[in-house]
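Summary of structural features
As a plain string of letters, each chain reads:
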Protein chains: 2
Amino acid sequence: MQPNSRHVYFLSNGTAITAETLGMSLLAQFPDHAFQTHTVPFVDTLEKAHAFADEINRCRDASGHLPIVICTMGDDDLIKVIEHCKALVIDPFGDILPRLEKVLATQHHQPGESHRTVNPSLYESRIDAIDYAMQHDDGGKTQNYDEADIILVGVSRSGKTPSCLYLALQFGIKAANYPITEEDMDSDRLPQPIAPFKKQLFGLTTDLQRLVNIREERRPNSRYASTNQCRFELRAVEEMYLRHNIPYINTSKMSVEEISARIIRDNGLHRVDLI
Amino acid sequence: MQPNSRHVYFLSNGTAITAETLGMSLLAQFPDHAFQTHTVPFVDTLEKAHAFADEINRCRDASGHLPIVICTMGDDDLIKVIEHCKALVIDPFGDILPRLEKVLATQHHQPGESHRTVNPSLYESRIDAIDYAMQHDDGGKTQNYDEADIILVGVSRSGKTPSCLYLALQFGIKAANYPITEEDMDSDRLPQPIAPFKKQLFGLTTDLQRLVNIREERRPNSRYASTNQCRFELRAVEEMYLRHNIPYINTSKMSVEEISARIIRDNGLHRVDLI
């Protein structure tokens, strides 16, 4: 922890995912500041709220700075306890819900977060998609590609597996991935297992130095991680994308979230309805 | 789509994950309302913002309802275009950033979302954790359990795999999982591969009917999915947890997000710092 870092708490009576996601986006607007973040989920009783308030007040006194508390709880009684902390308390629900109530001409209903309840059909779709991604990872199983919403292709360590898992977990999308290997690069044709599914293919590529670095972490001083080998593979795979009109993106500067969001948008993929 | 469902747009110049996460939590407070949600990422030019504004205005006229737009973009010029839409425009950044600026005694900096930039050490931790979860899924590899932050145990289809993948992807936590099978239930001892790692074990269990339903989806009319078999397995595994003092939770009414948040909290797991 840096000496002057500001304490920031993401607080909720549920998972605190909403508070944390919003909070991290807000803090990213202050890149020159150091922050010490704390996620505090399941503060769902008055007793827990008071205990948290005591912790905040101690933090204020010990650090000499006003802590920041970003909280998303739908429960007014809990919020009241938190509001009296020695902190900058940000309560986006409190600010926004009245505006939604006005437009919808109704009162808001339940305390808590959307993550607290399970939508059975969403759960089923997610589980099916996760099963699919696990079975069809890294070319492991190449049957049932006709069921895939998307088949990611690319060289080893270009980000295929994390992207497939993220698409499955977050959006219930059935994503397979197939690694393009050196043997595949000798031919002008698409590898046999993926050739019939051209419409579902989507390519990943990456910058040379980034690929070298990632491979070097895994197999130091190997041919696999050498600059020459990585350059050869990236050139060959990008030529393959162009020759066969496979859309592709360079993932070098992208997070898994951004890769996934672009794949969904570029391919017009249908996501599972979250409500 | 239901006839009177309200159109809600989650808009951003980045992935729109923040807008969507916050928005879904807000909409969950109105469970009696029908919503038609649209996630619109990467609206990062004035041209795209104007095109979106036109779409919103058409939606207003066609549906006869005021659409709701929840947008998180740090770029003032883009926000100005959106604010002139025929819609209820909710801009949490606009409301909150000035308050943060005051407390931090500085101006906010960059447009965009935290998801737009890649933190290399976070990326590495995630990738390592994903590799680990994939290799140590479903008892596949039982070496290197000493490296696990957590080892989930439970009967088939109690939620182990999705939880491990979520912990790895979102938090860089190394999570293995080991299925408790009928053979393991014949003994008073812990299964041999997990016995030396008691401190890392965490049990999942679920309600009988839920397990029956999930298994029935996979293998209809099988012994595996029968009420008797599921009852036997759940009893045996819960007895095992109690006998060996393995902490456990019932995941029946929990989302993957909630299961993961509880595992982190109950085990005091160290998450990868997101900043």
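Residues numbered from 1 in each chain as written. Chains lettered and ligands numbered in written order. Predicted model: local features only at pLDDT ≥ 70, side-chain atom pairs only at ≥ 80, totals over all residues. Heavy atoms only, no water.

Residues and elements named next belong to chain A. Here glutamate 258 shows up in helix 10 (residues 256-267). The class for glutamate 258 is buried, based on a relative accessible area of 5%. For glutamate 258 and serine 163, which are 95 residues apart along the polypeptide, the C-alpha to C-alpha distance reads 9.3 Å. (Helix = DSSP H or I, 4+ residues; strand = E, 2+ residues; numbered from the N terminus. Buried < 20%, exposed > 50% of the residue type's maximum accessible area, 1.4 Å probe, protein only.)

On to the relation of the copies chain A and chain B. It takes a turn of 180° to lay chain A on chain B, together with a shift of 0.0 Å along the axis; the resulting RMSD is 0.0 Å. Seen this way, the second copy is the image of the first under a two-fold rotation axis. With an isologous cut-off of 70% or more, the 100% of interface residues of chain A that recur at the interface of chain B puts this contact in the isologous class. (Least-squares fit on C-alpha atoms with pLDDT ≥ 70 in both. Contact = heavy atoms within 4.5 Å.)

A word on the side chain of A:Thr161. Mapping A:Thr161 onto the fold places it in helix 6 (residues 160-171). Ignoring sequence-local partners within four residues, the contact set of A:Thr161 consists of A:Asp137, A:Asn177, B:Ile130 and B:Met134.

Residue and element names in this part refer to chain B. The contact between helix 6 (residues 160-171) and helix 10 (residues 256-267) brings their axes to 9 Å, and the two run at 70°. With respect to each other, helix 6 and helix 10 are oriented roughly perpendicular. Contacts between helix 6 and helix 10 involve Pro162, Ser163, Tyr166, Leu167 and Phe171 from the former and Val256, Glu257, Ile259, Ser260, Ile263 and Ile264 from the latter. Classifying every residue of the contact of helix 6 with helix 10 gives eight nonpolar, two polar and one charged. (Axes fitted to C-alpha atoms, helices over the stretch in contact; angles between N-to-C directions. Parallel < 35°, antiparallel > 145°, perpendicular 65-115°, else oblique. Nonpolar A, V, L, I, M, F, W, Y, C, P; charged D, E, K, R; others polar.)

Turning our attention to the pairing of strand 2 (residues 35-40) of chain A. All names here are of chain A. Both strand 1 (residues 6-11) and strand 2 contribute to a ladder of six bridges, which runs parallel. By the bridge assignment for strand 2, tyrosine 9 is matched with histidine 38. Chirality of the crossover, the property in question, places the unit of strand 1, helix 1 (residues 17-27) and strand 2 among those that are right-handed. (Pairing = 2+ DSSP bridges. Right-handed = clockwise from strand over helix to strand, strands pointing away.)

All right, on to unusual backbone geometry then. Located in the positive-phi region is A:Ala105, a residue other than glycine, with phi close to 55°. Secondary-structure assignment places A:Ala105 in the loop between helix 4 (92-104) and helix 5 (120-135). Residue A:Ala105 is classed as exposed on the basis of its relative accessible area, which comes to 68%. The residue B:Phe42 is not glycine, and still its phi comes out positive at about 60°. Position of B:Phe42 relative to the elements: it lies in the loop between strand 2 (35-40) and helix 2 (46-63).

In this complex, chain A contributes 83 residues to the contact, which on the side of chain B involves 83 residues. Between chain A and chain B, a total of about 8,000 Å² is buried, with carbon and sulfur atoms accounting for 65% of that surface. A per-residue breakdown of the area chain A buries against chain B is headed by A:Gln29, A:Phe30 and A:Leu104, which together make up 9% of the total. Where chain A touches chain B, the interface holds 12 salt bridges. (Buried area = accessible area lost by both parts, 1.4 Å probe. Salt bridge = Lys/Arg side-chain N within 4 Å of Asp/Glu carboxyl O.)

Relative to the elements of secondary structure, B:Glu20 occurs in helix 1 (residues 17-27). The buried category is assigned to B:Glu20, whose relative accessible area is 11%. A distance of 2.9 Å separates a polar atom in the side chain of B:Glu20 from a polar atom in the side chain of A:Arg271. There is a polar contact of 2.6 Å between the side chain of B:Glu20 and the side chain of B:Thr39. (Polar contact = N/O pair within 3.5 Å; in protein donor to acceptor, adjacent residues only side chain to side chain.)

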